[in-house]
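One-letter residues, chain by chain:
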Amino acid sequence: LQWYTQMFDSATIMDALVNTLLIAFVSALIATIIGTAASIAINSMKPLPRTIIMGITNIPMLNADIVTGISLMLLFIAVNYTMGFSSVLIAHITFNLPFVILSVAPRLGSMNTSAFEAAQDLGASKAYAFWKVIFPDIMPNILTGFLLSFTMSVDDFVITHFTKGVGIDTLSTMIYTEQKKGIRPEIYSLSTLMFVTIFVLLILYTLHKSHAEKIKSRASSRMEAASRWISL
């Protein structure tokens, strides 16, 4: 356990870990909010503008990360913006947006709007009908976009490397720097803890999903039995 102890005692590693998780969580959260609002706006457009906007949304995903990273770096230099934590956060929000939009927009496009219109006919305002009818239906897609954004943000190196400036490091940039002089064993300890944490979370998620499916299956069986009795 020597290397684990030294890992927690290392201010450099802990700062990089906190920066990584903080940037990933905040950028994913902001990108999810903006991306969901953008998806709703795109869904209400006419076919031609919608196709153009969705095409533009796909560009950052088709570009290499180095193109996006250098483009954002040149933009920050052009507007004389001091690069640091905030510039990395803005960059991560920018490249996370397409993942959220492409997760939420298809679901909105395939939804049946009858329930939303019925809620309005019954006296609900548009905002109330959205939160009670539309939002619960697209919530799984919003969560998918958030988790995908969080994962991509934690994993990113190239864009962070070009936009981070001086005095801030994430795990990816710190490990890249460590490679030049040899990676310390503390980094392997950190990687082990991250792997175990993700593995446990995946197991818990799988068990929860399996339990939810069983409950849904039982409820469906009861509904079928009840419908048969009502028919009789």
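Please refer to the structure placed before this passage.
Residues numbered from 1 in each chain as written. Predicted model: local features only at pLDDT ≥ 70, side-chain atom pairs only at ≥ 80, totals over all residues. Heavy atoms only, no water.

Enquirer: How would you summarise helix 4 (residues 65-78) if you had to cite specific residues and measurements?
Expert: With 14 residues, helix 4 should cover 20 Å at 1.5 Å per step; its first-to-last C-alpha distance of 20 Å lies within 8% of that length. Within helix 4, burial applies to Thr 68, Gly 69, Leu 72, Met 73 and Phe 76. End-on view of helix 4: buried residues confined to an arc of 130°, all on one side of the axis. More than 90 degrees from the buried face of helix 4, the exposed residues found are Leu 74, Ile 77 and Ala 78. Elements in contact with the buried residues of helix 4: helix 3 (47-62), helix 5 (85-110) and helix 8 (158-163). Note on helix 4: the residue one or two positions beyond its end, Asn 80, has a positive phi of about 60°. (Helix = DSSP H or I, 4+ residues; strand = E, 2+ residues; numbered from the N terminus. Expected span 1.5 Å × (residues − 1). Buried < 20%, exposed > 50% of the residue type's maximum accessible area, 1.4 Å probe, protein only. Arc of directions from axis to C-beta. Contact = heavy atoms within 4.5 Å.)

Enquirer: So, the pattern of salt bridges: which residues are in play, and what are the values?
Expert: Going through the model one piece at a time under the given rule, you end up with two salt bridges. Across the pair Asp 137 and Arg 107 runs a salt bridge, and its minimum N-O distance is 2.7 Å. Within this pair, whereas Asp 137 is found in helix 7 (residues 126-155), its partner Arg 107 is found in helix 5, the two being separated by 30 residues in sequence. Residue class for Asp 137 comes out partly exposed when judged on its relative accessible area of 31%. A salt bridge links Asp 169 to Lys 164; the nearest nitrogen and oxygen atoms lie 3.7 Å apart. Residue Lys 164 is classed as buried on the basis of its relative accessible area of 14%. (Salt bridge = Lys/Arg side-chain N within 4 Å of Asp/Glu carboxyl O.)

Enquirer: Got a sec to walk through the packing of aromatic side chains? Specific residues and values, please.
Expert: Throughout the structure, instances matching the rule amount to seven aromatic pairs. Ring geometry for Phe 195 and Phe 199: centres 6.1 Å apart, planes at 10°, overall stacked. One end of the pair, Phe 195, and the other, Phe 199, are both in helix 10 (residues 185-231), four residues apart, so they sit about a helical turn from each other. The exposed category is assigned to Phe 195, whose relative accessible area is 57%. (Phe/Tyr/Trp six-rings, centres within 6.5 Å; stacked < 30°, edge-to-face > 60°.)

Enquirer: Any details on the side chain of Ser 27? Residues and values, ideally.
Expert: Relative to the elements of secondary structure, Ser 27 occurs in helix 2 (residues 11-43). Not counting residues within four places of it along the chain, the set of residues in contact with Ser 27 comprises Leu 89, His 92, Ile 93, Asn 96 and Ser 153.

Enquirer: Could you give me a rundown of unusual backbone geometry, with the residues and numbers involved?
Expert: The phi angle at Asn 80 is positive, at roughly 60°, despite the residue not being glycine. With respect to the element layout, Asn 80 can be found in the loop between helix 4 and helix 5. Taking relative accessible area as the criterion, Asn 80 reaches 69% and is therefore assigned exposed.

Enquirer: Got a sec to walk through helix 9 (residues 171-181)? Specific residues and values, please.
Expert: Turning to helix 9, its buried residues number three or more, namely Leu 171, Ser 172, Thr 173, Met 174 and Glu 178. Just beyond helix 9, the residue with positive phi is Gly 182, at close to 100°.

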